[in-house]
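The chain contents come next:
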Amino acid sequence: MKTIYTRPKCLKPAPFHYCPGCGHSIIHRLVCELIDEMDLQGRIICIPPAGCAVLAYNYFDIDVCESAHGRGCAIATGMKRANPEKIIFTYQGDGDMAAIGTAETLHAANRGEKITSIFVNNAVYGMTGGQMAPTTMLGQKTSTSPYGRSPEVEGHPLKITELIGTLPGAAYVTRTSLATPAKIMATKKAIKKALEVQMAGLGYSLVEVLSPCPTNWKVSPKDSFIYLEEKMEKEYPIGVMKDITAKKKDS
Amino acid sequence: MNNKVLMKGTDALAEAAIQAGCRCYFGYPITPQNEIPEYMSRRMPEVGGVFLQGESEIASINMVLGAAATGARAMTSSSSPGISLKQEGLSFLAALELPAVIVNINRGGPGLGNIAPSQGDYYQATRGGGHGDYRMPVYAPASVQELYDITMLTFDVADGYRTPVMILGDGMMGQIVEPIIVREYNKPEDELPPKDYILDGAEGRPSRIIKSLVLDVREMEEHNWKLKRKYDLMKQELPQWEEFMTDDAKMTIIAYGTAARIAKGAVKRARSEGLKVGLLRPITLWPFPDEAVINISKKSKIFLVFEMSTGQMIDDVRLAVQGKIPCEFYGRPGGIVPAPQEIARIIERYWLQKEL
């Protein structure tokens, strides 16, 4: 009998604590599949965020170092500078990456740190109960923007991935989505490419993944994928923002 | 080695760190300690180490944390306002039980304050400026030689107990230039535990987790007690102090760092006038040398605590004395560095008042 699916070797056999329909489980699996396929278990280190994915170490069977909220890219910098031969990736949510950790993220990217960030954008603070995130969309209601995010009061959604795409130290910057199986496979390809860019020593690589949070969006898991495609992807268009390897091919 | 050279405090500290095997320095400029990152930026490339100027103190201490998690000897330095920003990282380093050396060249405060020597950060250093139930060894050198020797020691203490360690100096300590013996560093390999916690990729071993999140309250309680046992061990093993003419002293001055140097001058003056005065200089501020205070309280009739603050270490003195003899205080906060004559006058005043 042909095996068509199996649990990745470095995904621990532990039930996910994530809510039904949450995108983290999918992204965790993609990451673990890639670590297996690329044979990285023995030299990769993950820095999870403060947020829903803080417990990533319960699932990733690789070396993991917890971070204070937002400090992932600074910790990754210290690790990579001390151990340039290791592969270091941060796994961060929108608050971690684009609010409290904006400085750490932008400066690591701008220095061209040879690290990778997987940035999971679900437009809310999940773990703390659905408060407004820097990426919360205009009009979106959250527990701290109960009247809907207004540009006059709360300001505009922050597109940190676009910002990082303008920085010379960034080598590969892309945004993907989990809205459909095809997009999930494209996400896997993007993460693979980001890790390859790091391993080639080209600079900072970032994959923003638009991911559903049905619990805090207050929609069903099924409808959350529609919400993802119809609302999130409108505000945050998917696609590659920067790829220095593509430029090399052109020239 | 063991050469006698003329060195500035900050340079001695930085060079000692390099000699002790520190190969990762991360910091953000702030006066009066900029000579440390400047020295490191020159020296680290020469020894194949890492110097990186972080985008903030918060980033710098987290870079230290990352490097320490991979097993490197790492340090950062700053001054008071910058140390405030590092408190989050200190709490995490303590919780994660990661070794690191943190230098605070204390300046006048609170707020931006000024860039003059001060001892206003004693509480912050010894009480755990970060959140949670942790302690951190704090060393207060009082000469360039001691800056050199203690810096080497702090890396061993950090590795030995898996803890952040602070060197608390002040603007004066950093700036003075003195002849020192540049001794060779001998790593006490036998005394240091193996670094079996570091993250270097799960090659041929089970994967490792460095974390401080403990949601189960019983587990968290046990973790706190485990840390407490470690701190109790530090209290037994780490206290260091210097006593100067305390044997027959009726009055003992207690001061640390720059204040202790000034106090020593004052004690010599008082002695020349026939007043039996001694000096106790805590070298470790945490753990505080309670034992020395208790012993001297059996001989002296009064303690006079002198600090370049409005009075912070005096709390620790009073806790150790437990009311057995009076503890008086003299302080000059805000960046004032008084001359020994001034302290000698205070000594004389109390000598007469207390009819010693």
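Residues numbered from 1 in each chain as written. Chains lettered and ligands numbered in written order. Predicted model: local features only at pLDDT ≥ 70, side-chain atom pairs only at ≥ 80, totals over all residues. Heavy atoms only, no water.

Q: Whenever I open this one, the overall build of chain A confuses me. Can you help?
A: Looking only at helices and strands, chain A has nine helices and nine strands in total. Residues counted as buried form 60% of the 251 residues belonging to chain A. Approximately 10000 Å² of chain A is accessible, and the part contributed by carbon and sulfur atoms is 59%. Side chains of chain A carry 29 positive and 24 negative charges; the gap between the two charge centres is 3 Å. (Helix = DSSP H or I, 4+ residues; strand = E, 2+ residues; numbered from the N terminus. Buried < 20%, exposed > 50% of the residue type's maximum accessible area, 1.4 Å probe, protein only. Areas by Shrake-Rupley, 256 points an atom, 1.4 Å probe, with all protein chains shown as cover. Lys, Arg positive; Asp, Glu negative; His and termini not counted. Charge placed at Lys NZ, Arg CZ, Asp CG, Glu CD.)

Q: Teacher, can you tell me more about the sheet that holds strand S2 (residues 24–27) of chain B here?
A: Strand pairs in the sheet, formed through backbone hydrogen bonds, run parallel or antiparallel to each other. Residues and elements named next belong to chain B. Ordered in space as S3-S2-S4-S5-S7-S6-S13, the seven strands form an open sheet in which the pairing is mixed. Strands at the two margins of the open sheet, each flanked by one partner only, are strand S3 (50–53) and strand S13 (284–286). Where strand S6 (residues 138–139) meets strand S7 (residues 164–170), two bridges bridge the pair, whose relative direction is parallel. Residue pairing in the sheet places Tyr139 in a bridge with Ile167 of S7. (Pairing = 2+ DSSP bridges.)

Q: Would you mind showing me how to read the domain arrangement of chain B here?
A: Many structure descriptions define interface size as the accessible area lost when the parts assemble. Residue and element names in this part refer to chain B. Parsing chain B into structural domains produces domain 1 (3–237) and domain 2 (242–353). On the domain 2 side, the residues contacting the 31 residues of domain 1 number 25 residues. Across the domain 1 to domain 2 interface the summed buried area is about 2400 Å²; carbon plus sulfur atoms make up 54%. Taken as a group, Gln119, Tyr122 and Tyr123 account for 30% of the area that domain 1 buries against domain 2, more than any other trio of residues on that side. With a shortest N-O distance of 2.7 Å, Glu146 and Arg281 are connected by a salt bridge. At the level of elements, helix H5 (122–126), S6, helix H6 (144–161), S7, helix H7 (171–175) and helix H8 (217–237) are the ones that each hand at least two residues to the side of domain 1 that touches domain 2. (Domains from an automatic or database assignment. Contact = heavy atoms within 4.5 Å. Buried area = accessible area lost by both parts, 1.4 Å probe. Salt bridge = Lys/Arg side-chain N within 4 Å of Asp/Glu carboxyl O.)

Q: I keep staring at the packing of aromatic side chains and nothing clicks. Help me out?
A: Two aromatic rings are characterised by how far apart their centres lie and by the angle between their planes. Taken as a whole and judged by the stated rule, the model has ten aromatic pairs over all chains. The interplanar angle of 45° and the centroid separation of 5.8 Å between the aromatic rings of Phe16(A) and Tyr18(A) together place this pair among those described as tilted. Exposure remark for Phe16(A): the relative accessible area of 30% places this residue in the partly exposed category. Summarising the aromatic geometry, the rings of Tyr25(B) and Phe51(B) are spaced 5.7 Å apart at their centres and angled 5° between planes, so their arrangement reads as stacked. Taken together, the positions of Tyr25(B) in strand S2 and Phe51(B) in strand S3 put the pair 26 residues apart, joining distant regions of the chain. Its relative accessible area of 0% is what places Tyr25(B) among the buried residues. Given the relative accessible area of 23%, Phe51(B) is considered partly exposed. Three or more aromatic residues link up through ring pairs in this structure, and these residues are Phe16(A), Tyr18(A) and Tyr59(A). (Phe/Tyr/Trp six-rings, centres within 6.5 Å; stacked < 30°, edge-to-face > 60°.)

Q: What should I look at first to understand the pairing of S7(B) in this one?
A: Residue and element names in this part refer to chain B. Buried residues dominate S7, accounting for seven of its seven residues. Burial along S7 is two-sided: Pro164, Met166, Leu168 and Asp170 facing one way and Val165, Ile167 and Gly169 facing the other are all buried. In this sheet, S7 lies alongside strand S5 (residues 100–106) in parallel orientation, the contact comprising seven bridges. Each bridged residue has a counterpart across the sheet, and for Asn106 the counterpart in S7 is Asp170. This β-α-β element, S6 to H6 to S7, shows right-handed connectivity. (Right-handed = clockwise from strand over helix to strand, strands pointing away.)

Q: Whenever I open this one, the sheet that holds strand S3 (residues 87–93) of chain A confuses me. Can you help?
A: Spatially, the eight strands line up as an open sheet ordered S9(A)-S7(A)-S8(A)-S4(A)-S3(A)-S1(A)-S2(A)-S9(B), and their pairing is mixed. The open sheet is flanked by strand S9 (239–243) of chain A together with strand S9 (209–210) of chain B, the only strands paired with a single partner.

Q: How do you make sense of the pattern of salt bridges when you look at a structure like this?
A: It is possible for side chains bearing opposite charge to pair when their charged atoms get close. On inspection of all chains with the given rule, the structure shows 37 salt bridges over all chains. The residue Arg73(B) makes a salt bridge to Asp159(B) at a minimum N-O spacing of 2.8 Å. Taken as a pair, Arg73(B) in the loop between helix H3 (57–69) and strand S4 (74–78) and Asp159(B) in helix H6 lie far apart in primary sequence, 86 residues in all. Considered together, Arg73(B) and Asp159(B) belong to a single accessibility category, that of buried residues. For Glu222(B), the salt bridge is made with Arg229(B), and the minimal N-O distance between the two is 2.9 Å. Taken together, the shared-partner salt bridges connect Arg29(A), Glu33(A), Glu37(A) and Lys188(A) into one network.

Q: Just to check I follow, could you spell out the environment of Glu184(B) for this structure?
A: When you line up the elements, Glu184(B) lands in the loop between strand S8 (177–182) and S9. In the structure, Glu184(B) is positioned 118 residues away from Gly66(B) in sequence and 28 Å away in space, judged by C-alpha atoms.

Q: Is there a simple way to think about the state of the cysteines in this case?
A: What is meant by a disulfide is a covalent connection between two cysteines, made through their sulfur atoms. Residue and element names in this part refer to chain A. Applying the stated criterion across every chain yields a total of zero disulfides over all chains. The structure places no disulfide on Cys32, whose sulfur is separated from the nearest cysteine sulfur, that of Cys10, by 4.0 Å. What makes Cys32 buried here is its relative accessible area of 0%. (Disulfide = S-S within 2.5 Å.)

Q: Which parts of the structure should I look at to understand the interface of chain A and chain B?
A: The interface of chain A with chain B comprises 32 residues on the first partner and 33 residues on the second. Between chain A and chain B the total buried area reaches about 2500 Å² when both faces are included, carbon and sulfur atoms providing 62% of it. On inspection of chain A and its partner chain B, the count reaches three salt bridges. The salt bridge involving Arg71(A) is made with Glu88(B); its shortest N-O contact spans 2.7 Å. Across the contact surface, chain A and chain B share 15 residue pairs in polar contact (both at pLDDT 80 or more). Among the secondary structure elements, those contributing two or more residues to the side of chain A that touches chain B are strand S1 (44–47), strand S2 (63–65), helix H2 (72–82) and helix H4 (102–110) of chain A. Here the element with the most residues in the side of chain A that touches chain B is H2(A); it accounts for seven residues. Of the residues that constitute the side of chain A that touches chain B, the class distribution is 14 nonpolar, seven polar and eleven charged. (Polar contact = N/O pair within 3.5 Å; in protein donor to acceptor, adjacent residues only side chain to side chain. Nonpolar A, V, L, I, M, F, W, Y, C, P; charged D, E, K, R; others polar.)

Q: Sorry, what's going on with the nonpolar core here?
A: Where a protein is soluble and globular, its nonpolar side chains tend to be buried together. Counting residues in each nonpolar core, the largest one holds 87 residues, and the members touching the most others are Met79(A), Ile164(A), Leu98(B), Val293(B), Phe303(B) and Val317(B). When residues in this core are grouped by element, the largest group, eight residues, is from H3(B). Viewed by domain, this core spans two of them, domain 1 (3–237) and domain 2 (242–353) of chain B, each represented by three or more residues. Apart from the residues within four sequence positions on either side, Leu98(B) is in contact with Leu65(B), Ala68(B), Ala69(B), Leu93(B), Arg162(B), Thr163(B), Pro164(B), Tyr197(B) and Ile210(B). In this structure, Met38(A), Leu40(A), Phe60(A) and Leu210(A) belong to the second largest nonpolar core, which totals 51 residues. (Core = buried A, V, L, I, M, F, W, Y, C linked by side-chain atoms within 4.5 Å.)

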